[in-house]
Amino acid sequence: MLTPELIHGALELERTDRGLRPHRLPAWARAQAQDPQLDTVEAQPAGVRLALRTAATAIELDSIRTRREFPGVPDRPDGVYDLLVDGVLTGQAGVGGGDTVTVDLAAGTVTRQVGAPGTLTFAGLPARDKRVEIWLPHHESTELVALRADAPVVAAEHVGPRWWHHGSSISQGSNAASPSTTWVALAAAAAGADVTNLGFGGSALLDPFIGRILRDSDADVISVEIGINLVNADLMRRRAFAPAVHGLLDTIRDGHPTTPIVLISPLYCPIHETTPGPGAFDVEALREGRVAFVATGEPGPDKLTLTVIRDELARITGVRADEHLSLVDGLDLYGEADHAEHPLPDRLHPDAASHRLIASRFAHRLSLPTG
């Protein structure tokens, strides 16, 4: 019953000896990066969901989760699966068991403990034909093993304009309450869009393969959140930044000459507004059992900060004179006043309430086609 046609939002499905592992990057792109961080986050199925039509009143899903543990760093909450019936969130659950990957940052070692599949059960569904979506955890890798229901299941159609979005951990959904309540998922629901989420924690780094993936996509609208990872990775200087952004846009335009493209500049983040990266864990916070981040860079000529990136993106948008290119100032989505009311809990990622706020402000900026 578990077939690839049921799975929306993944770019590739890897058949393992245990099931299907959704990937949000194809194998050729992963091979070009050779980055353990990117390998981890692209396999976390943010925005990936099972979409089916059925009259079933009970559905079971067997899956194998992969938990990542960092000794000395507080654990993230367990992954959540969201059940949507005809677009309405009607249930949430998690699974036990699964694999555990332990990353000892001090020792520089990675160990893996293999576990058994867990079973997710949703019962009491209305006994009528309906669209059912099961959204997979946005920060926990998952292998799908089996799907069972008490009535026939068929793949649901894609509904709405295709929106492809690329961004950082904020787009992937860090600190969101659940996979269907990340700001990207909420904005897609509000706008009636069929979303593919290419938000990768720590990895929105203007990689050329992202441009080629977006170029070759079936997108009706494309958006790219740029900035925070370039700063906290201290990856490049101002001289390299603008040509890299132009290169990304040029590549997308090769396949989408008139498709709306929305650039999103950085949201407000006090630690990096005027202080360059690299970013790091706040050691004092870790001693207190909290996760928080600090900026450790020193200001200098040509160094990137969030204010520098906002200025550069505004300049780039202006000089391209592209009527189908628009810029959303990240401060209009989450600014200083919003931070005063809903501070970033770890100094880097918005909380669940802020995800909802950002979604409500962004949804109408998608420039979705109407025909």
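Everything below is about the structure shown above.
About the cut-offs
Residues numbered from 1 in each chain as written. Predicted model: local features only at pLDDT ≥ 70, side-chain atom pairs only at ≥ 80, totals over all residues. Heavy atoms only, no water. Salt bridge = Lys/Arg side-chain N within 4 Å of Asp/Glu carboxyl O. Helix = DSSP H or I, 4+ residues; strand = E, 2+ residues; numbered from the N terminus. Buried < 20%, exposed > 50% of the residue type's maximum accessible area, 1.4 Å probe, protein only. Contact = heavy atoms within 4.5 Å. Polar contact = N/O pair within 3.5 Å; in protein donor to acceptor, adjacent residues only side chain to side chain. Pairing = 2+ DSSP bridges. Axes fitted to C-alpha atoms, helices over the stretch in contact; angles between N-to-C directions.

## With respect to the pattern of salt bridges
Turning to step 1, where the next piece is worked out: Overall, the coordinates contain 30 salt bridges when judged by the stated rule.
Turning to step 2, where the next piece is worked out: Its salt-bridge partner being D99, residue R18 comes within 2.6 Å of it at the nearest N-O pair. Of the two residues, R18 is situated in the loop between β2 (12-15) and β3 (20-23) and D99 in strand β8 (residues 99-104); the sequence distance between them amounts to 81 residues.
Turning to step 3, where the next piece is worked out: For R18, a relative accessible area of 25% puts it in the partly exposed group.

## Focus: the environment of H349
Turning to step 1, where the next piece is worked out: Topologically, H349 is positioned in the loop between α11 (336-341) and α12 (352-362).
Turning to step 2, where the next piece is worked out: Under the relative-accessibility criterion, H349 is labelled buried at 8%.
Turning to step 3, where the next piece is worked out: In sequence terms H349 and I213 are 136 residues apart; their C-alpha atoms lie 26 Å from each other.
Turning to step 4, where the next piece is worked out: The contact partners of H349, leaving out residues within four places of it in the chain, are S169, I170, S174, N175, F293 and L344.
Turning to step 5, where the next piece is worked out: A distance of 2.8 Å separates polar atoms of two side chains, one belonging to H349 and the other to S169.

## Thoughts on the sheet that holds strand β17 (residues 261-264)
Turning to step 1, where the next piece is worked out: Spatial strand order, β15-β14-β16-β17-β20: five strands in an open sheet with parallel pairing. The open sheet is flanked by β15 (194-199) and β20 (325-328), the only strands paired with a single partner. Pairwise comparison of adjacent strand axes, ignoring direction, gives a mean angle of 15 degrees for this sheet.
Turning to step 2, where the next piece is worked out: Alignment of strand β16 (residues 221-225) against β17, held across four bridges, turns out to be parallel. Pairing of I222 across the sheet is with I261, part of β17.
Turning to step 3, where the next piece is worked out: Taken strand by strand, helix α7 (residues 238-255) contacts β16, β17 and β20, and its axis lies near 160 degrees from that of β17.
Turning to step 4, where the next piece is worked out: Across the sheet, helix α9 (residues 306-320) touches β17 and β20, and the angle it forms with β20 is around 160 degrees.

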